[in-house]
Amino acid sequence: MTPPFTMICTSDFSGLRRGKGVPTAEFDRRCTTGIGWTPTNVQITCFDTISDSPYGALGDLVLRPDPETRVEAPLPDGRVLAFALGDILDLDGSPWECCTRGVLKAAVASFEAETGLRLKVSFEHEFMFDGAATTAGFSLAGFAERLDYIAALSTALAAAGIAPDSFLREYGPNQMEVTLPPTDPLRAADQAAVLRDLARTVARAMGERVSFAPLLAPDIVGNGVHVHLSLWDVEGHPVSHDPAGPGGLSDRAGAFVAGMLRHADALCALTAPSVISCLRLVPHRWSASFNNLGKQDREASVRICPVSAADPQTRARQFNFEYRAADAAASPHLALAGLILAGLAGMGDGLVAPQPTEDDISLWGGDRLEAAGLKRLPGSLEEALKALEGDAALGEGLPARLPAIYAAHKRGEIAHVEAMAPDARFAAYAAVY
Ligand code: GLU
Ligand code: MG
């Protein structure tokens, strides 16, 4: 049964969806008129505090739903959750400077206009159930334990037009992973947002809780978000692969990857943006810890993924590279916009991809790392924010005031957890993500 209200949501700086419900019967009209929205809402942190805002109590905006994103998701307790994602616009209808979806659309438009190419993107998410773990990583028992959940989440996702590529009992305690199939960037980010909310909502409807927080405790593996990217021409031919290129990357894909690596520090502010995110980005957590390109290396910032087909055409279509220094504290829209702008900057500057590393570079000495241009990712959110604020090339692709407003948002979040003991910090993030 169609629910009486549909929520119109923005995917915000805190990586959460916020918005307002409208009568479902009015939804079509709202797709034209939108609903009122407040600029300072963008400074509401994941902890519901409000960071310094340049807007104060002033100003008005419009949150306009995109009808293609409307979902009526049946929940396992019989309720139906209806919502849609939308764009925040100024009152004259132009995209608002801090709308993450608008920022992603603009980044994609620049990429397509400047390169003549298209991107395909897929998000891979890890998350953990609450409670003591009773099953082993990758085990059939662990999969069987969650059969009802997997079925219920699949049903909810299907209502959103999302068909996961895979579902697994990941290695960490009570950890699951869902991988989504590749699609265009806006749809991929929308689907990443929808997946997180449905995964949490379905769990609650079953009396369970799941968390996508980057790290739930200091001594266990983290919950990563891995973003797979590939380049295509307008006729739909893959152009990322060249068997002779570094790690099999074509010149254009290599330049894109080199751009992501050059901007790695600033990107972390957008892709791994909680105070605890940097604790996941350390060696031997199978996440990412250096600004390196790795071949089939699950600790590289950018990993060249394996291809399994024998014939060259299928290999080229399978070929993709994976950005691993992301987590679900990030807005998927803003994180992906950052990756695309960094890649585009690399292509614009004709950068060349480094030879991929193929061993444990955390064991390399300082001189060897320096000679290879390798260094650790930022050790704190503040360090990443400073890199973002100082990154002129990345900033060029973003609305002029966004880096400063975003940094102020994040500094409010830092201040909120600063005095907490480590355990309280982990618990606080586990509760909101
Ligand atoms: N849990 C790891 C992370 O934090 C990823 C493990 C894997 O799937 O390779 O990114
Ligand atoms: Mg995984």
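Just so you know, the residues in each chain are numbered from 1, in the order the chain's sequence is written. Labels follow written order: the first chain is A, the first ligand is 1, and so on. In keeping with the model being predicted, local features are shown solely for residues with a pLDDT of at least 70 and side-chain atom pairs are shown and tallied solely at 80 or more, while totals for entire chains, interfaces and linings include all residues. Side-chain measures were taken over the full set of non-hydrogen atoms in the model, leaving aside hydrogen atoms and water.

Asks: Would you mind going over the packing of helix H12 (residues 381-389) against helix H14 (residues 402-418) in detail, with residue names and values included?
Replies: In this description, a line fitted to the C-alpha atoms serves as the axis of each element, helices being fitted only across the stretch in contact, and the angle between N-to-C directions of two axes falls anywhere from 0 to 180 degrees. Helix numbers and strand numbers start at the N terminus; a helix is a DSSP run of H or I with at least 4 residues, a strand a run of E with at least 2. Packing of H12 against H14 leaves a shortest axis separation of 10 Å and a crossing angle of 170 degrees. Judged on the interaxial angle alone, H14 and H12 are roughly antiparallel. Where H12 approaches H14, its residues Leu381, Glu382, Leu385, Lys386, Leu388 and Glu389 are matched on the opposing element by Pro403, Tyr406, Ala407, Lys410, Arg411 and Ile414. Polar here means any residue outside two lists: the nonpolar Ala, Val, Leu, Ile, Met, Phe, Trp, Tyr, Cys and Pro, and the charged Asp, Glu, Lys and Arg; Gly therefore counts as polar. For the contact of H12 with H14, the per-class residue count stands at seven nonpolar, no polar and five charged. Our angle categories are set so that under 35 degrees counts as roughly parallel, over 145 as roughly antiparallel, 65 to 115 as roughly perpendicular, and the remainder as oblique. Should any heavy atoms of two residues lie within 4.5 Å, those residues are considered in contact.

Asks: Outline the coordination of the magnesium ion (ligand 2), supporting the account with residue identities and numerical values.
Replies: The coordination sphere of the magnesium ion (ligand 2), as far as protein atoms go, consists of Glu126 (OE), Glu170 (OE) and Glu177 (OE), spread over 2.0 to 2.1 Å. Using a relative accessible area of 6% as the deciding quantity, one classes Glu177 as buried. Atoms of type N, O and S within 2.8 Å of a metal are treated as its donors, and for Na, K and Ca the window is 3.2 Å; water is not considered, so some sites may appear to be missing partners. Relative accessibility under 20% of the residue-type maximum defines a buried residue, over 50% an exposed one, and the middle range a partly exposed one, all with a 1.4 Å probe and only protein chains included.

Asks: Tell me about helix H6 (residues 251-262), and name the residues and values.
Replies: Counted at 1.5 Å a residue, the expected span for H6 with its 12 residues is 16 Å, and the 16 Å between its end C-alpha atoms agrees. Among the 12 residues that make up H6, nine are buried, leaving the element largely enclosed by the rest of the structure. Looking at H6, one finds that the buried residues are Ala253, Gly254, Ala255, Phe256, Val257, Ala258, Gly259, Met260 and Leu261. The span one expects for a helix is its residue count, reduced by one, times 1.5 Å.

Asks: Give me the lowdown on the packing of aromatic side chains, citing residues and values where you can.
Replies: Ring geometry is summarised as follows: Phe, Tyr and Trp rings, the Trp one being its six-membered ring, pair when their centres sit within 6.5 Å, and such pairs are stacked at plane angles under 30 degrees, edge-to-face over 60 and tilted between the two. Throughout the structure, instances matching the rule amount to 10 aromatic pairs. Residues Phe129 and Tyr149 carry aromatic rings whose centres are separated by 4.9 Å and whose planes lie at 80 degrees to one another, so their mutual orientation is edge-to-face. Of this pair, Phe129 sits in strand S7 (residues 118-129) while Tyr149 is found in helix H4 (residues 147-159), placing the two residues 20 residues apart along the sequence. Given the relative accessible area of 3%, Tyr149 is considered buried. Through pairs of rings, three or more aromatic residues link up here, namely Phe127, Phe129, Tyr149 and Phe212. Working rule: Lys NZ or Arg CZ, within 6 Å of ring centre, within 35 degrees of ring normal, means a charge sits over the ring. Across from the ring centre of Phe290, 5.8 Å away, lies the NZ or CZ of Arg376, which sits over that ring.

Asks: Let's hear about the side chain of Asp12: which residues, and what values?
Replies: Tracing the backbone through its elements, the reader meets Asp12 in the loop between strand S1 (5-11) and strand S2 (17-23). Accessibility expressed as a relative area gives 5% for Asp12, which makes it buried. Within the structure, Asp12 has its side chain in polar contact with the side chain of Ser14 (distance 2.7 Å). Polar contact is the term for a pair of N or O atoms within 3.5 Å; when the atoms are in protein, one must be able to donate a hydrogen and the other to accept it, and sequence-neighboring residues count only if both atoms are side-chain atoms. Within the local environment of Asp12, its side chain forms a polar contact with the side chain of Arg18, the two groups lying 2.6 Å apart. Not counting the four nearest positions on each side in its chain, Asp12 is found in contact with Arg18, Ile44, Thr100 and Ser331.

Asks: Got a sec to walk through the site of ligand 1? Specific residues and values, please.
Replies: Here a residue is near a molecule or strand as soon as one of its heavy atoms is found within 4 Å of it. Around ligand 1, the neighbouring residues are Glu126, Glu170, Glu177, Gly222, Gly224, His226, Arg280, Arg285, Trp286, Ser287, Arg298 and Arg324. At 2.7 Å, a side-chain N or O of Glu126 approaches a nitrogen atom of ligand 1. In the environment of ligand 1, a nitrogen atom lies 3.0 Å from a nitrogen or oxygen atom belonging to the backbone of Gly222. Computed on the free molecule, ligand 1 has an accessible area of 300 Å², of which 92% lies beneath the protein chains in the complex. Class assignment for the residues of the shell around ligand 1 results in one nonpolar, four polar and seven charged. For the accessible areas, the method is Shrake-Rupley and the probe is 1.4 Å, while residue cover comes only from the protein chains on display.

Asks: Break down the pattern of salt bridges for me, with residues and values.
Replies: Within this document, salt bridges are pairs made up of a side-chain nitrogen of Lys or Arg and a carboxyl oxygen of Asp or Glu, the two lying within 4 Å of each other. For the structure shown, the criterion picks out 24 salt bridges. The shortest N-O distance in the salt bridge between Lys105 and Asp87 comes to 2.9 Å. Of this pair, Lys105 sits in helix H2 (residues 100-115) while Asp87 sits in strand S6 (residues 80-89), placing them 18 residues apart in sequence. One salt bridge connects Arg401 with Glu97, and the closest N-O pair in it is separated by 2.7 Å. In this pair, Arg401 sits in the loop between helix H13 (392-397) and H14 while Glu97 sits in the loop between S6 and H2, placing the two residues 304 residues apart along the sequence. Classification of Arg401 as partly exposed rests on a relative accessible area of 41%.

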